[in-house]
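Descriptive analysis of the structure
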Amino acid sequence: MSRSAVPLWLAHALRAQRGPVPWSAVTRGVLGCGPLLLAGVLAGRTPLGVLAAIGAMLAGINDRPGSRRASVRRLGVPALAGAVGLLAGTYAGQGLAAVPLTLVLTALGLVAGGISVVGPAASAAGTHLLVGAAIGAGMPAAESGGQQALAFLAGAGWLLLLRLALPTPGALAGDFRFDGEREAVAGVYDAIAALVEAVGGAQATARRAALTAALDHAQDALAGPRLRRYASSAAERRLHARYAAALPLAEAATALFWVGEPVPARAAEGPRRLAAAVRADTAAGPLPAPPVPHTRRPGPRLRRIGRPPHHAAGHSAGGNHPQQHEGRVRYEGQGHEGRLRYEGQGNEGRVRYEGQAQVSRPHPASHHPAGTPLAPALRALDDALLCAAEAFDRGNGAQRRLLTRRLGLRGALRAVFGSGGREYGMRVALCFGASAAIAQALHHTRWYGQHQHWYWMPATAVFLVKPDLGPLASRVLCRAAGTVLGALVFAGLAALLPRPAGLIALVAVCGALVPVATRHFAALTAVVTVLVLALVMAGGEPQASVSRIGETLLACALVLVVGHLPMPGQRGGGVRARLATAGNAAHAYLAHVLGESGESGESGESGESGESGDRAERWALRREAYRTLAEARTAIALAAAELPALARHTAGTDAVADVLERLVDTTTACAVHLDDTGRLTSRHVEQLREALADLRIQGVEVPPHGRTAVPV
């Protein structure tokens, strides 16, 4: 069967992530669940050891690649929410009858679903809140709710402590404090080089999207919680400066992508060398000059290199050069001729050399008319490389605030109470509440069997119903298959393993497999099923493979039915809310670029990396525009992979995302062209007008802001 003939929902279920084995996460998994369970058994508090292992298991699912600083939020926030849910569920289960308990769990589902639209950490917190509430309400325990919550929190905190304390492979050879930050920033420069190489080719669009993903990853890696407002160490400030130096390079590369004309391969060599310098934490060294058209608009320009004249590849200077090895080179002038000034340390103190310079002309094969949009983009790439070289050669970075996202409390509340948050909350509340009600009914009526683990049904529903985790049909299929496989594997192992030593060893092995199994939901489900069943038996209960299969299949059928029921309001609200956010970010970016062109003219070079306040604001707006657009794209792709009954509600949203992407790309090209020439070409104006008109046709409201008026 060809790939095109496979339905999207089935193709999504069969798709698995690829990548190297995360050995550091595997090590943390070995030291997480198993030792915690062993400690509980040795202390005679096995139920608390089981809860601690569950907390470590759920934290291990969230233990994804990234920096230590980012892991504090990614692991800590869901752990706190899970402890709160466990505490609330325990006291609600002990003091309420079946009907009031169901209403309380439904209300918690509404809250957890609403906050899940804020972001990945909030979504994980909502999931853990509901899982903890289900476990607390249904799992029998002699300990108080406070003791159970502390045990759960201790287990998750233990894994977080391992995440912060244990080094990653290769970290001992460098700076222990950085775990993923350097690789994330280096990935940005690699993505810039890949985009420049692909300009004008079939892979250009995919490379532009990969650049956005790399910038998002680096931003998250650097922007974790901190005690101080600014970076505290010179190494961290230097890394922040190198990330900031990548922003104008990314802007220039995007402008080249918009022009769509291929450029010589050597234009990508500079970003490649910068990526290597980030990984090695060294200076940039000589960078090859891009093929820059020599004619530019009148006016003096300051181009900074950071190496002596005889080190600056792509540039040559006349006269006798002093034999210095470190210093600063400044080229002042316009066109091809100007003054070269070198300041550095010689054998007998400070030496200053001034002479005439002749900048090498580009090769005729790489010459582009200066009046085309390609010339300003190439010059912007050249200027950004020169500024980046100086930022890399500087030993210490400047005290600067990282360009981070600006979603505050007001923005989070707006998302929670918006159309996307309301739809998400109602969907989760309905599925979670219905599964809890049916599970309790079966448990109390004993229609077939004891249903001692009735809380497995609502806990399973939580992992299935959340739209940001994947399409409903795909997750139901993977959950059912993974549970059956895991339960059968455990049934065979339970007959062979000694108790409790064999079960503790099995828990440790499963904890090590969790980071690898997260690449596919069915594999993760199988590993978690074996781990949970081992914890149940270690806690003194009989083998429960059959019960696990029955509860899971019931939950899958229930969620599949309830998830497709008609709901009040317009379906697809989450996708449309993402598109609305992306549209607002795109228009804010466009308004700033057009307003900046009329106010700032030639941007000054304040700051040590050469960006002015206006440019820093522009880069922040550009980052937000592309990031919200990428989030909208992800939501659209997940919605399209639903069954047709749900996918039809978001039909056509991908066309809106295409127009928004074209608008943001054109705005970036306009910003680069305005920096260079001070005015837009007819092509820029026509594409801006076309994109805004297409948005109106698609029914997207264009903010009537005066600064968004497209100039003629």
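Here's what I pulled together on the structure shown here. Every chain's residues receive numbers from 1 upward, in the order its sequence appears when written. With pLDDT at 70 or above as the cut-off, local features in this predicted model cover only qualifying residues; side-chain atom pairs require 80 or more to be listed or tallied, and sums for whole chains, interfaces and linings still use all residues. Note that the side-chain values use all heavy atoms of the structure and ignore hydrogens as well as water.

Comments concerning the nonpolar core
- Counting 86 residues, the largest nonpolar core has Ile 54, Met 57, Leu 58, Ile 135, Phe 490 and Leu 535 as the members making the most contacts within it.
- Helix and strand labels come from DSSP, where a helix needs a run of H or I of at least four residues and a strand needs a run of E of at least two; each type is numbered from the N terminus. It is helix H19 (residues 521–538) that contributes the most residues to this core, 14 residues altogether.
- Definition used in this section: a nonpolar core is a set of buried Ala, Val, Leu, Ile, Met, Phe, Trp, Tyr and Cys residues joined via side-chain atoms within 4.5 Å. In this scheme, a residue with accessible area under 20% of its type's maximum is buried, one over 50% is exposed, and one in between is partly exposed, where area comes from a 1.4 Å probe on protein chains only. One finds Phe 178, Leu 239, Leu 274 and Leu 378 within the second-largest nonpolar core, a separate group that totals 56 residues.

What about helix H15 (residues 419–445)?
- If you check H15, its first and last C-alpha atoms are 39 Å apart, about what 27 residues at 1.5 Å a residue would give, namely 39 Å.
- Once H15 ends, the next one or two residues include Arg 446, with phi positive near 50°. What a helix should span is 1.5 Å times the count of its residues minus one.

Details of the packing of helix H3 (residues 33–42) against helix H4 (residues 46–62)
- Contact geometry of H3 with H4 gives a least axis separation of 7 Å together with a crossing angle of 170°. Compared by their axis directions, H3 and H4 come out roughly antiparallel. Remark: the crossing between H3 and H4 carries right-handed chirality. Residues Cys 33, Leu 36, Leu 37, Gly 40 and Val 41 of H3 touch H4, and the partners they reach there are Thr 46, Gly 49, Val 50, Ala 52, Ala 53, Ala 56 and Met 57.
- Here the nonpolar group is Ala, Val, Leu, Ile, Met, Phe, Trp, Tyr, Cys and Pro; Asp, Glu, Lys and Arg are the charged ones; every other residue, Gly included, is treated as polar. Of the residues assigned to the contact of H3 with H4, the class counts are nine nonpolar, three polar and no charged. Note on geometry: axes are C-alpha line fits, over the in-contact stretch for helices, and angles between N-to-C directions span 0 to 180 degrees. Geometric relationships in this document are graded by angle, where less than 35 degrees denotes roughly parallel, more than 145 denotes roughly antiparallel, 65 to 115 denotes roughly perpendicular, and other angles denote oblique. Rotating anticlockwise by less than a right angle from the far helix to the near helix defines a left-handed crossing, while the corresponding clockwise rotation defines a right-handed one. Working rule for contacts: check all heavy atoms of both residues, and any pair within 4.5 Å makes them a contact.

Re the environment of Ala 267
- Assignment of secondary structure puts Ala 267 in the loop between helix H11 (234–259) and helix H12 (269–280).
- Owing to a relative accessible area of 1%, Ala 267 belongs among the buried residues under this scheme.

Looking at the packing of helix H17 (residues 472–494) against H19
- Running from amino to carboxyl end, H17 crosses H19 at an angle of 40°, the nearest separation of the two axes being 7 Å. Comparing their axes, H19 and H17 come out oblique. The hand of the H17/H19 crossing is right-handed. Touching Arg 475, Cys 478, Arg 479, Gly 482, Thr 483, Leu 485, Gly 486, Ala 487, Val 489, Phe 490 and Ala 494 of H17 are Phe 521, Ala 522, Thr 525, Ala 526, Thr 529, Val 530, Leu 533, Ala 534 and Met 537, all from H19.
- Taken together, the residues that form the contact of H17 with H19 break down as 13 nonpolar, five polar and two charged.

Overview of the environment of Arg 618
- For Arg 618, the location among the structural elements is in helix H22 (residues 613–640).
- We classify Arg 618 as buried; its relative accessible area is 0%.
- Sequence spacing of Arg 618 and Thr 668 is 50 residues, and the spatial spacing of their C-alpha atoms is 9.5 Å.
- Throughout this description, a polar contact denotes any pair of N or O atoms lying within 3.5 Å of each other; where both atoms belong to protein, one of them has to be capable of donating a hydrogen while the other can accept it, and for residues adjacent in sequence the pair is counted only when both atoms sit in side chains. For Arg 618, the side chain forms a polar contact with the side chain of Asp 675, separated by 2.9 Å.

Observations concerning a nonpolar patch on the surface
- Excluding any residue in a salt bridge, patches collect residues exceeding 30% relative accessible area, merging like charges within 9 Å and nonpolar Val, Leu, Ile, Met, Phe, Trp and Tyr side chains within 5 Å. Here, Shrake-Rupley sampling with a 1.4 Å probe gives the accessible areas, and only protein chains in the shown set may cover a residue. Within this document, salt bridges are pairs made up of a side-chain nitrogen of Lys or Arg and a carboxyl oxygen of Asp or Glu, the two lying within 4 Å of each other. On the surface, Val 30, Leu 31, Trp 158 and Leu 161 cluster together into a nonpolar patch covering about 320 Å² of accessible area.
- Here Val 30 shows up in helix H2 (residues 23–30).

Details of the packing of aromatic side chains
- Each Phe, Tyr or Trp ring, with Trp reduced to its six-membered ring, pairs with another whose centre is within 6.5 Å; inter-plane angles below 30 degrees give stacked pairs, above 60 give edge-to-face pairs, and intermediate values give tilted ones. If you walk through the whole model with that rule in mind, you get two aromatic pairs.
- Consider the rings of Tyr 189 and Phe 392, whose centres lie 5.6 Å apart with planes at 85°: the pair is edge-to-face. Residue Tyr 189 is located in helix H9 (residues 181–198), and its partner Phe 392 is located in helix H13 (residues 374–393); the two are separated by 203 residues in the primary sequence.
- Plain terms: the ring middles of Tyr 455 and Trp 456 are 6.2 Å apart, the flat faces sit at 70° to each other, and that makes the pair edge-to-face.
- Of the residues examined, Trp 456 reaches a relative accessible area of 5% and is grouped as buried.
- Counted as over-ring charges are cases with an Arg CZ or a Lys NZ within 6 Å of the ring centre that also lie within 35 degrees of the ring normal. Sitting above the plane of the Trp 456 ring, Arg 548 keeps its charged end 4.8 Å from the centroid.

Comments concerning H13
- With 20 residues, H13 should reach 28 Å at 1.5 Å per residue; the first-to-last C-alpha distance of 29 Å fits that figure.
- Taken across its 20 residues, H13 has 18 buried, putting it largely inside the fold.

Brief notes about the pattern of salt bridges
- Using the criterion set out here, one finds 23 salt bridges in the structure.
- The salt bridge partner of Arg 627 is Asp 216, with a shortest N-O separation of 4.0 Å. On the criterion of sequence distance, the pair formed by Arg 627 in helix H22 and Asp 216 in helix H10 (residues 204–222) is long-range, its members being 411 residues apart. The burial state of Arg 627 is the same as that of Asp 216; both residues are buried.
- With a closest N to O distance of 2.6 Å, Asp 676 and Arg 379 form a salt bridge. One end of the pair, Asp 676, is in helix H24 (residues 653–677); the other, Arg 379, is in helix H13, and 297 residues separate them in sequence.

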